[in-house]
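Read off the chains here:
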Amino acid sequence: MMDKYEKLEKVGEGTYGKVYKAQDKATGQLVALKKTRLEMDEEGIPPTALREISLLQLLSHSIYVVRLLNVEHVDKNGKPLLYLVFEFLETDLKKYIDSHRKGVNPRPLPPSLIQSFMYQLCKGVAHCHSHGVLHRDLKPQNLLVDKEKGILKIADLGLGRAFTIPLKSYTHEIVTLWYRAPEVLLGSTHYSTGVDIWSVGCIFAEMVRRQALFPGDSELQQLLHIFRLLGTPTEEQWPGVRNLRDWHDYPQWKPQNLTRAVPSLEPDGVKFSSSTSIFIMLQKMLQYNPANRISAKEAMDHPYFDSLDKSQF
């Protein structure tokens, strides 16, 4: 396989293994090589991994999902490795937000760009959900940005079920909990598309604020961050919440106004309608009861996107 690609540099440690920037020797195309360790069974590559990879190929027909170009199977010292070969993008949404928050010229992300990125994210998530695939680990680091074309693409998709989401990453860093839905944090084993919508809401707020909405450093801290802003959930709001595996008696907080956490949503005359629609959309994504969260497909028709030229997508 390494006759085909020249590794240029290691660009990160993904949740499932190392990621390299490389060049296809034949075409000169830059690619991302994602190395995944496989637990082989007697039959060879586990069927779960094969299923996920074929799903990944199907999903990557959308421009809003990072394209899987190739799959290479390598034996290294008798140990099987799979290299997934993806299109390469130079930056991700976390780095993009950081570049607006830090450095010589701190500035908000342009509202029209946030709107465009949000629409593309909803479109990408709706595409995955329509094929029955949950991402389960959406976060700014997993959203790659083509700055020249203004395109946002979902990455690290579809491996969640075959490889199970670890709590620690490959490098023993703690996997971030900041975008994790409360039902997952509370130990629910049955969850659905709402887990991704919660993450999309957190990412939306972060683009507006330029910092994370709920930056917890443990599962408990994460829940307390959420409860302090949105109020401690009640049985009326979210039937069955007290029966979830990790529910405890938490302090009883009253819900705060979201504009406290996302001040730029304050209506200020000119932007009033857009601020109001952002606020309503965010509220619909950050509902405690997953059944009440807006779907990605419904979100695309929300008034927040009325001023967007959707024909470009």
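Residues numbered from 1 in each chain as written. Predicted model: local features only at pLDDT ≥ 70, side-chain atom pairs only at ≥ 80, totals over all residues. Heavy atoms only, no water.

In the annotation of an unreviewed UniProt entry, the protein chain is listed under the name Cyclin-dependent kinase B1-1-like isoform X2 and assigned to Dioscorea cayennensis subsp. rotundata. The UniProt entry for the protein chain carries this comment under Sequence similarities (unreviewed entry): "Belongs to the protein kinase superfamily. CMGC Ser/Thr protein kinase family. CDC2/CDKX subfamily." (UniProt positions renumbered as here; feature names shortened; annotations may be inferred.)

A. Structural context of the overall build of the protein chain. When helices and strands are counted, the protein chain shows 10 helices and eight strands. With 313 residues in all, the protein chain has 52% of them scored as buried. Across the protein chain, contacts joining residues at least 24 apart in sequence account for 61% of those joining residues at least 6 apart. Carbon together with sulfur atoms contributes 51% to the accessible area of the protein chain, which is approximately 15,600 Å² in total. (Helix = DSSP H or I, 4+ residues; strand = E, 2+ residues; numbered from the N terminus. Buried < 20%, exposed > 50% of the residue type's maximum accessible area, 1.4 Å probe, protein only. Contact = heavy atoms within 4.5 Å. Areas by Shrake-Rupley, 256 points an atom, 1.4 Å probe, with all protein chains shown as cover.)

B. Local environment of the sheet that holds strand β7 (residues 143–146). The sheet built from three strands is open, its strands ordered β6-β7-β8 with antiparallel pairing. Edge positions in the sheet fall to β6 (91–92) and β8 (151–154), since each of these pairs with one other strand and no more. Across two bridges, β6 lies against β7 in antiparallel orientation. Bridging from a neighbouring strand, Asp92 pairs with Leu144 of β7. (Pairing = 2+ DSSP bridges.)

C. Focus on the pairing of strand β2 (residues 18–24). Summarising burial for β2: five of the seven residues are buried, a large majority. With seven bridges connecting them, strand β1 (residues 5–13) and β2 associate as antiparallel partners. Among the inter-strand pairings, Lys7 is bridged to a residue of β2, identified as Ala22.

D. Quick peek at helix α7 (residues 219–230). In a regular helix each residue adds 1.5 Å, so 12 residues correspond to 16 Å; α7 covers 16 Å between its end C-alpha atoms and thus fits that length. Among the residues of α7, Gln222, Leu223, Leu224, Ile226, Phe227, Leu229 and Leu230 are the ones counted as buried. At the exit of α7 stands Gly231, carrying a positive phi of roughly 90°. (Expected span 1.5 Å × (residues − 1).)

E. Structural view of the UniProt feature "binding site: ATP" (unreviewed entry) in the protein chain. UniProt marks Lys34 with the feature "binding site: ATP" (unreviewed entry), using the numbering shown here. Assignment of secondary structure puts Lys34 in strand β3 (residues 30–37).

F. Up close: helix α6 (residues 194–209). When the terminal C-alpha atoms of α6 are compared, their 23 Å separation across 16 residues agrees well with the 22 Å that a helix rising 1.5 Å per residue should span. Where burial is concerned, most of α6 is hidden: 15 out of the 16 residues are buried. Just past α6, the residue Arg210 takes up positive phi, approximately 65°.

G. Seen up close, the nonpolar core. Judged by nonpolar contacts, the single largest core of 84 residues is most densely connected at Leu93, Met118, Leu121, Phe204, Met207, Leu230 and Met285. Beyond its immediate chain neighbours, meaning those up to four positions away, Leu93 contacts Phe117, Pro140, Leu143, Val145, Leu152, Ile203 and Met207. In this structure, Tyr20, Leu33, Leu81 and Tyr83 belong to the second largest nonpolar core, which totals eight residues. (Core = buried A, V, L, I, M, F, W, Y, C linked by side-chain atoms within 4.5 Å.)

H. How the structure looks around empty space enclosed by the protein. Under the criterion given, the structure shown has one cavity of 30 Å³ or more. If you add up the space inside the largest cavity, you get close to 60 Å³. What lines the largest cavity is a set of 10 residues, among which Leu56, Phe86, Ala155, Asp156 and Leu157 lie closest to the centre. Classifying every residue of the lining of the largest cavity by side-chain character gives eight nonpolar, no polar and two charged. (1 Å grid on protein atoms, 1.4 Å probe; cavity = no way out; pocket = protein on both sides within 12 Å on 5 of 7 lines; lining within 4 Å. Points joined across faces, edges and corners; volume = space filled by probe spheres on them. Nonpolar A, V, L, I, M, F, W, Y, C, P; charged D, E, K, R; others polar.)

I. Spatial organisation of the packing of aromatic side chains. Going through the model one piece at a time under the given rule, you end up with 13 aromatic pairs. Ring-pair connections join several aromatic residues into one group, and the members of that group are Tyr64, Tyr119, Phe204, Tyr304, Phe305 and Phe313. Over the face of the ring belonging to Tyr20 we find Lys7, whose NZ or CZ atom lies 3.9 Å from the ring centre. The residue whose ring lies beneath Lys34 is Phe86, and the NZ or CZ to ring-centre distance is 5.1 Å. (Phe/Tyr/Trp six-rings, centres within 6.5 Å; stacked < 30°, edge-to-face > 60°. Lys NZ or Arg CZ within 6 Å of the ring centre and 35° of its normal.)

J. Structural detail: the confidence of the model for the protein chain. Looking at the protein chain as a whole, its pLDDT mean stands at 86, while 87% of the residues score no less than 70. Low confidence marks residues 162–173, where pLDDT is under 50. Its contacts with residues over four positions away, or in another chain, come to 35 contacts. (pLDDT = per-residue confidence, 0-100.)

K. Inspection of the pairing of strand β5 (residues 79–87) at higher detail. The buried fraction of β5 amounts to eight of the nine residues, a majority that puts the element mostly inside the structure. For strand β4 (residues 68–76) and β5, the ladder comprises eight bridges, and the chain directions are antiparallel. Each residue of the ladder has a partner; that of Glu72, found in β5, is Tyr83. What sits between β4 and β5 in their antiparallel hairpin is a turn of two residues, with Asn77 showing a positive phi close to 50°.

L. A look at the pattern of salt bridges. Counted according to the given criterion, the structure contains 13 salt bridges. Salt-bridge contacts for Asp156 lead to Lys34; the nearest nitrogen and oxygen are separated by 2.6 Å. Taken as a pair, Asp156 in the loop between β8 and α4 (160–163) and Lys34 in strand β3 lie far apart in primary sequence, 122 residues in all. Classification of Asp156 by relative accessible area gives buried; the value is 14%. Looking at Lys34, the relative accessible area reads 12%, which means it is buried. Here Asp249 ties to Arg242 by a salt bridge, and the two come within 3.8 Å at their closest N and O atoms. Here Arg242 falls in the partly exposed class, since its relative accessible area comes to 36%. A cluster of three or more residues bridged by salt bridges with shared partners is formed by Lys94, Asp98, Arg101 and Lys102. (Salt bridge = Lys/Arg side-chain N within 4 Å of Asp/Glu carboxyl O.)

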